[in-house]
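Descriptive structure summary
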Amino acid sequence: MNGIINLYKAKGVTSHDCVNAVRRILGTRAVGHFGTLDPQGEGVLLIGVGKCTRLFDFFLSKDKVYEAEFTFGYETDTLDGEGAVTVSGGAVPDGEAVVKALSRIRGDFDQIPPQYSAKSVGGVRAYALARKGIDVALPPKKVTVYSAEALNYEPPALRVRIHCSAGTYIRSICRDTAHSLGTVAVMTAIKRVRCGAFAVEDAVTVGKLERLGEAALVPPETALADRPRFDADESFFKKLVNGVRTDVGAPEGTSVLYCRGELFGLASTEGGITRIKTLLR
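Residues numbered from 1 in each chain as written. Predicted model: local features only at pLDDT ≥ 70, side-chain atom pairs only at ≥ 80, totals over all residues. Heavy atoms only, no water.

In terms of burial, helix α5 (residues 170-180) is a largely internal element, eight of the 11 residues being buried. Here α5 has its buried residues at I170, R171, S172, I173, C174, R175, T177 and A178. Positive phi appears at G182, one or two residues downstream of α5, with a value of about 75°. (Buried < 20%, exposed > 50% of the residue type's maximum accessible area, 1.4 Å probe, protein only. Helix = DSSP H or I, 4+ residues; strand = E, 2+ residues; numbered from the N terminus.)

Moving on to a positive patch on the surface. On the surface, R227, R245, R275 and K277 cluster together to form a positively charged patch. Structurally, R227 can be placed in the loop between α7 (220-223) and β14 (229-232). Here R227 falls in the partly exposed class, since its relative accessible area comes to 32%. (Patch = residues over 30% accessible without salt bridge, like charges linked within 9 Å, V, L, I, M, F, W, Y side chains within 5 Å. Areas by Shrake-Rupley, 256 points an atom, 1.4 Å probe, with all protein chains shown as cover. Salt bridge = Lys/Arg side-chain N within 4 Å of Asp/Glu carboxyl O. Lys, Arg positive; Asp, Glu negative; His and termini not counted. Charge placed at Lys NZ, Arg CZ, Asp CG, Glu CD.)

Moving on: the nonpolar core. Of all hydrophobic cores here, the largest spans 22 residues; its most connected members are F70, L158, I162 and I170. Sorting the residues of this core by element identifies β4 (64-72), α3 (95-103), β10 (141-154), β11 (157-164), α5 and β12 (185-195) as the ones contributing at least two each. Contact partners of I170, with chain neighbours within four places excluded, come to Y66, A68, F70, I162, C164, M187 and I190. If you look at the next biggest cluster of nonpolar residues, it comprises 21 residues, including V44, F58, V200 and Y258. (Core = buried A, V, L, I, M, F, W, Y, C linked by side-chain atoms within 4.5 Å. Contact = heavy atoms within 4.5 Å.)

Moving on: the packing of aromatic side chains. The tally for this structure, following the rule as stated, stands at six aromatic pairs. For the pair F72 and Y153, a centre-to-centre distance of 6.2 Å together with 75° between the ring planes defines the contact as edge-to-face. Here F72, found in strand β4, pairs with Y153, found in strand β10; they are 81 residues apart in sequence, far enough to count as distant. Classification of F72 by relative accessible area gives buried; the value is 3%. (Phe/Tyr/Trp six-rings, centres within 6.5 Å; stacked < 30°, edge-to-face > 60°.)

And the structure:
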């Protein structure tokens, strides 16, 4: 049993809760998610099953699209609606100012992660330190925002749609947008509507997964269809089965490697030599 599940994570449950549900329904321990969503978040949560759990890095690096709600006027320690209020009485900006502020966050820039995040600091998660009242200086990370648009603004609540690179914190975008306007805000809702080629419209709920079972699995061949495919000559089959690095004629870079019509996995070719980075066969 190998494949990807495009699961719709509901509000109020953790990503690990979803993994446990998939393990129970499919009867296997070989299950893992590809990028957590906060408990208050909902939407696309990609889950690998079987050998597809090895695709964690591949899917974690995919671009994402989120729809979120920013509420102006106060700030919390977690930068979302679940935290303790640290600042209140902030100004509520007008719509024109908000649109201009969103336009300024597009492109590549260094983003400072929230104190309550899964970033590792000396081997300890930042959120664990924050819960103990330990303030740490998290280093900025280069991220990309491809687009940011206001969907609706009924002060003090702003609904936005953001297309961004992997690793971008929407809570930080909320914080920085508000600060650029001389005020404060928190992220009060978030929905992941796309991860790579997987859209929320195609996601299955836990209830639907219980009815479909294995039929809900997206095969790895389909999940990797957005990457270049290379079919090695069948004369290389034995070498590939034995994990031998060889020149199969693949183009430089990463490709999805097939031989005799079988998917072997993600392969990397450098200097003409191909090696399988992620074996899926």
